[in-house]
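Structure assessment
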Amino acid sequence: MCYHGIGDTFTPAHKDLCASNGHNLMCYTENGGSAFWFMTKSSDAPRAASFFQSFYVELDHESQVARPEELAKAPFTVYVAEQKLG
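Residues numbered from 1 in each chain as written. Predicted model: local features only at pLDDT ≥ 70, side-chain atom pairs only at ≥ 80, totals over all residues. Heavy atoms only, no water.

What to know about the packing of aromatic side chains
As a reminder, the rule being used: Two rings belonging to Phe, Tyr or Trp (six-membered ring only in the last case) form a pair when the distance between their centres is within 6.5 Å. Interplanar angles under 30 degrees mark stacking, angles over 60 mark edge-to-face geometry, and anything in between is tilted. Helix and strand labels come from DSSP, where a helix needs a run of H or I of at least four residues and a strand needs a run of E of at least two; each type is numbered from the N terminus. Exposed residues in this analysis have more than 50% of their type's maximum accessible area, buried residues have under 20%, and partly exposed residues fall in between, with area computed by a 1.4 Å probe over protein chains only.
By the definition in use, this model includes 2 aromatic pairs. Relative to Phe52, the ring of Phe51 lies with its centre 5.6 Å away and its plane at 85°, an arrangement referred to as edge-to-face. A centroid spacing of 5.7 Å and a plane angle of 90° characterise the contact between Phe51 and Phe76, whose relative ring orientation is edge-to-face. In this pair, Phe51 is assigned in helix H1 (residues 45–53) and Phe76 in the loop between helix H2 (68–71) and strand S2 (79–83), connecting sequence segments 25 residues apart. Comparing Phe51 with Phe76 shows no difference in burial state: the two are buried. Grouped by ring-pair contacts, the aromatic residues Phe51, Phe52 and Phe76 constitute a single cluster.

In structure tokens:
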């Protein structure tokens, strides 16, 4: 899997497959770019699904780009990480 995007590119909210393991390496950026990751604990998956359903969105359809302001109101902990080159 490879994501390639220019400034202001977004990945829709989604669930990773059960027992999946992934590594994300940023190997190129322009002008010191970075990526922000918004994550939850696996045990919060049902709450996250209900939260998105309240917006009439199914996470399995990967059609909703959640704004930080929306995630701040989530009834579960949202962990935020900034990924930089390397």
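Concerning the pattern of salt bridges
How we decide: Basic side-chain nitrogens of Lys or Arg form a salt bridge, by our definition, when they fall within 4 Å of a carboxyl oxygen of Asp or Glu.
In this structure the tally under the stated criterion is 3 salt bridges. With its nearest N and O atoms 2.8 Å apart, the salt bridge here joins Asp44 to Arg47. Judged by relative accessible area, which is 44%, Arg47 ranks as partly exposed. Among the ionic contacts, a cluster of salt bridges with common partners joins Arg67, Glu69 and Glu70.

The values are spatial; any link to function lies outside them.
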